[in-house]
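Here are the chains, one letter per residue:
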Amino acid sequence: MRVIGYRPRNRWVRRPLDWGWLPWLKRCGLAVLVLAAVLAAFVGPRQSTIRSRYQIAQLRAEIERLESEQRTLLVERERLSSPVGLATQLEGLGLIHVSSRDVAFLDPNGRLRRAPIAPTRPSQPAARTTTEAR
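Summary of the structure given here. (Residues numbered from 1 in each chain as written. Predicted model: local features only at pLDDT ≥ 70, side-chain atom pairs only at ≥ 80, totals over all residues. Heavy atoms only, no water.)

Section: the overall build of the chain
- Scanning the chain for helices and strands turns up three helices and two strands.
- When its helices and strands are written in sequence order, the chain yields α-α-α-β-β.
- Split into buried and exposed, the 134 residues of the chain put 4% on the buried side.
- Surface summary for the chain: the accessible area is close to 13,400 Å², and the carbon and sulfur share equals 61%. (Helix = DSSP H or I, 4+ residues; strand = E, 2+ residues; numbered from the N terminus. Buried < 20%, exposed > 50% of the residue type's maximum accessible area, 1.4 Å probe, protein only. Areas by Shrake-Rupley, 256 points an atom, 1.4 Å probe, with all protein chains shown as cover.)

Here we look at the pattern of salt bridges
- Enumeration according to the criterion identifies five salt bridges in this entry.
- Arg65 is paired through a salt bridge with Glu69; the nearest N and O atoms lie 3.2 Å apart. Placement of both Arg65 and Glu69 in helix α1 (residues 21–80) is noted, with a separation of four residues, approximately one turn of the helix.
- Relative accessible area serves as the criterion here: at 44%, Arg65 is assigned to the partly exposed category.
- One salt bridge connects Arg77 with Glu78, and the closest N-O pair in it is separated by 3.6 Å.
- A residue is classified by how much of its surface remains accessible, and Glu78, at 47% relative accessible area, is partly exposed.
- Among the charged side chains, a network of salt bridges with common partners joins Glu62, Arg65 and Glu69. (Salt bridge = Lys/Arg side-chain N within 4 Å of Asp/Glu carboxyl O.)

A look at the packing of aromatic side chains
- Under the definition given, this model contains one aromatic pair.
- For the pair Trp19 and Trp21, a centre-to-centre distance of 6.0 Å together with 25° between the ring planes defines the contact as stacked.
- Its relative accessible area of 55% is what places Trp19 among the exposed residues. (Phe/Tyr/Trp six-rings, centres within 6.5 Å; stacked < 30°, edge-to-face > 60°.)

All quantities given are derived from atomic positions and should not be read as evidence of function.
So, in structure tokens, the structure goes:
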């Protein structure tokens, strides 16, 4: 059924915007910020702990490598400074062979002492040296 007559269309009336979504958006944004802060509070220290553990592992590997290198260098030093090794290189180093009778050393008191001489025969007792006479 159609009613004949004047019907205004209300084209000049504009509906106001619904601002009900703004408080909802603010609550969601606040919830996201709270969640981000809680996650950061848990993840931040964990990340620094893991980073520290990786650094400790790298330092331990470096320490093991350096200790291995030190052991290698000590063995090399002992090999190069061994009496047998030096005896074979005397001429190259410009040195001469010295008999054990001509060797002397300073004791802790600063006195010059002769090196003990090994006995020539194992059946005879060793001669007393000046350090044993005390």
